[in-house]
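Inside the fold
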Amino acid sequence: MKSMLTIISNALCRITGRNAGARIVVSSRSFADFTPTASFDIKKCELHRLEEGPPVKAELTREQGLQYYRTMQTVRRMELKADQLYKQKIIRGFCHLYDGQEACAMGIEAGINPSDHLITAYRAHGYTYTRGVSVKEILAELTGRKGGVAKGKGGSMHMYAPHFYGGNGIVGAQVPLGAGIALACQYQGNNQLCVTLYGDGAANQGQIFESFNMAALWKLPCIFICENNKYGMGTSVERSSASTEYFRRGDFIPGIRVDGMDVLCVREATKFAADHCRAGKGPILMELETYRYHGHSMSDPGVSYRTREEIQEVRSKSDPISLLKERMLGNNMAAAEEFKEIDVAIRKEVEEAAQFATSDPEPPLEELCNHIFYNEPPMEVRGTNPWSKLKSIS
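The shown structure was predicted, so the numbers you read here are calculated from the model rather than taken from an experiment.

**As for the overall build of the chain**
Counting its regular elements, the chain contains 13 helices and twelve strands. With respect to the three principal axes, the spread of C-alpha positions in the chain is 75 × 60 × 50 Å. In the chain, buried positions account for 49% of the 394 residues. Contacts in the chain between residues at least 24 apart in sequence constitute 70% of all its contacts with a sequence separation of at least 6. Carbon and sulfur atoms form 53% of the exposed surface of the chain, whose accessible area is close to 19,200 Å².

Take a look at the structure:
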């Protein structure tokens with residue numbers, strides 16, 4: 001059978017004029033050669049006000065594994081391209097990168113439904129992608145071009161999609177908004193929920209505790225998630241918080257602490273939290289222990305308050321993409337050549353997106369004031385002085 005496939009592959013290569021090379025290795029293995037499903041031990045979650053938590057084993061199909069790998073690797077390559085464009089001064093202003101935290105976005109998305117809602121802070125590129133926006137639209141938004149997801153007027157911190165509410169620039173301000181979205185879900189009785197994300201740097205904000213209180217009183221279907229990447233700007237959690245057990249901060253709200261570098265751990269915990277909310281038990285709080293490889297923003301080199309050795313140790317021992325890849329290879333769920341092919345395809349997609357993001361025109365001045373209001377008749381908007389008038393179209 002193997003020799004037959006090799007002969008066919010070589011014949012096709014002669015017809016197309018391509019070199020068979022390593023592709024023979026992949027083509028000579030059928031899907032039947034791979035393990036279709038495997039079960040993995042995952043880290044037990046710490047619990048607060050819960051008798052039982054998420055499972056300590058997770059099942060993964062080959063298709064799911066390849067999908068998770070492709071998504072996380074796309075986010076990683078996209079963020080590295082954004083880093084490059086920023087250093088070339090093509091992207092300007094605020095830019096907070098997500099590389100290192102990809103398992104959080106992918107695991108959450110795998111644990112909820114596309115019809116559920118999500119709102120996050122300003123480190124939003126990864127969630128914008130997992131909520132369905134293309135790399136091309138994200139990079140074009142970063143460069144301020146007309147083809148961006150917010151037509152070039154939102155930038156890094158203000159991207160939106162169906163059931164995705166940004167991208168919010170004010171620290172912690174998205175948490176009450178997320179509680180409000182959960183209230184809308186409850187009011188409409190649609191069995192949907194809202195995932196409301198914030199970072200450890202926002203965890204001491206008063207408005208977060210006000211949101212906890214209202215959500216608990218009204219039993220809102222809200223999953224509050226603290227992405228604890230160990231540093232709020234340049235301040236470590238130990239220096240900023242008297243208690244670093246963020247999953248207990250809800251007090252009267254149940255909480256779980258999750259390994260945020262393991263996509264399966266995040267997925268199972270999110271499923272558990274979603275079931276809790278949909279059962280009418282009210283809100284739940286998750287703390288995802290994760291790590292960002294870049295600094296707080298592109299203006300922060302990220303090595304003045306932590307060592308390069310610390311960053312490298314996390315990369316070598318806990319990288320979420322490498323962990324998933326090693327699991328799949330170790331359990332014969334995929335071939336190394338498949339991952340290489342996925343990587344090549346992703347690099348091509350990101351490069352093409354970057355070309356678009358640097359060649360697409362900027363939005364014209366006459367569109368500056370559009371979309372101030374939704375579904376309103378055209379109106380005049382004052383410019384920088386009383387004599388300068390612009391038109392706004394919904």
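This is not the end of the story, as more comes after the structure.
**Points about the nonpolar core**
Counting 69 residues, the largest nonpolar core has Ile108, Tyr127, Leu139, Val195, Ile223, Val258 and Met286 as its most contacted members. If you look at the next biggest cluster of nonpolar residues, it comprises 20 residues, including Ala215, Cys222, Cys226 and Val237.

**Considerations on helix 13 (residues 336-359)**
Taking 1.5 Å per residue, 24 residues should reach 34 Å; helix 13 reaches 35 Å between its end C-alpha atoms and fits that length. Inspection of helix 13 places Glu338, Phe339, Ile342, Asp343, Ile346, Val350, Ala353, Ala354 and Ala357 among the buried residues, and these make up the whole buried set. Buried residues along helix 13 sit against helix 3 (62-87), helix 6 (135-142) and helix 12 (320-330).

**What about unusual backbone geometry?**
Phi at Arg49 takes a positive value of approximately 55°, unusual for a residue other than glycine. Phi at Lys230 is positive, roughly 85°, even though this residue is not glycine. Looking at the element boundaries, Lys230 is found in the loop between strand 6 (222-228) and strand 7 (231-232). Taking relative accessible area as the criterion, Lys230 reaches 27% and is therefore assigned partly exposed.

**Quick word on the sheet that holds strand 2 (residues 46-48)**
With mixed pairing, the six strands of this open sheet are ordered in space as 2-9-10-6-5-4. Looking at which strands have only one partner, the edges of the open sheet turn out to be strand 2 and strand 4 (117-119). With direction set aside, neighbouring strand axes in the sheet form an average angle of 20°. Judged from the three bridges that link them, strand 4 and strand 5 (residues 194-199) form a sheet pairing that is parallel. Bridge pairing in strand 5 places Ile119 opposite Thr196. This element, helix 7 (residues 174-188), spans strand 4, strand 5 and strand 6 of the sheet and lies at about 170° to strand 5. Sheet strands in contact with helix 10 (residues 263-278) are strand 6, strand 9 (255-259) and strand 10 (284-289), and its direction is about 170° off that of strand 10.

**A closer look at the state of the cysteines**
Under the counting rule described, the total for this entry stands at zero disulfides. Here Cys104 stays unpaired: no disulfide links it, and the sulfur of Cys226, its closest cysteine neighbor, is 10 Å away.

**Re the pattern of salt bridges**
A complete count under the given rule lists 19 salt bridges for this structure. Between Arg327 and Asp262 there is a salt bridge whose closest N-O contact spans 2.8 Å. You can see Arg327 sitting in helix 12 and its partner Asp262 sitting in the loop between strand 9 and helix 10, a full 65 residues away along the chain. When sorted by exposure, Arg327 lands in the same class as Asp262, which is buried. Among the ionic pairs, Arg267 bridges to Glu268, the shortest N-O distance being 2.8 Å. On the basis of relative accessibility, which here comes to 2%, the residue Arg267 falls in the buried class. Three or more residues joined by partner-sharing salt bridges are found here, namely Glu46, Lys230, Arg257, Glu287 and Glu289.

**Details of the packing of aromatic side chains**
Summed over all chains, the structure comprises five aromatic pairs. Between Tyr231 and Tyr305, the ring centres sit 5.3 Å apart and the planes meet at 50°, which makes this aromatic pair tilted. One end of the pair, Tyr231, is in strand 7; the other, Tyr305, is in the loop between strand 10 and helix 11 (308-318), with 74 residues separating them in the sequence. What makes Tyr305 partly exposed here is its relative accessible area of 21%. Members of the aromatic cluster, each reached through a chain of ring pairs, are Phe209, Phe212 and Phe224. Directly above the ring of Phe356 sits Lys136, whose terminal nitrogen or CZ lies 4.7 Å from the centroid.

Each value, and the rule that gives it
Residues numbered from 1 in each chain as written. Predicted model: local features only at pLDDT ≥ 70, side-chain atom pairs only at ≥ 80, totals over all residues. Heavy atoms only, no water. Helix = DSSP H or I, 4+ residues; strand = E, 2+ residues; numbered from the N terminus. Buried < 20%, exposed > 50% of the residue type's maximum accessible area, 1.4 Å probe, protein only. Contact = heavy atoms within 4.5 Å. Areas by Shrake-Rupley, 256 points an atom, 1.4 Å probe, with all protein chains shown as cover. Core = buried A, V, L, I, M, F, W, Y, C linked by side-chain atoms within 4.5 Å. Expected span 1.5 Å × (residues − 1). Pairing = 2+ DSSP bridges. Axes fitted to C-alpha atoms, helices over the stretch in contact; angles between N-to-C directions. Disulfide = S-S within 2.5 Å. Salt bridge = Lys/Arg side-chain N within 4 Å of Asp/Glu carboxyl O. Phe/Tyr/Trp six-rings, centres within 6.5 Å; stacked < 30°, edge-to-face > 60°. Lys NZ or Arg CZ within 6 Å of the ring centre and 35° of its normal.

Without other data, these values stay purely geometric and don't point to any function.
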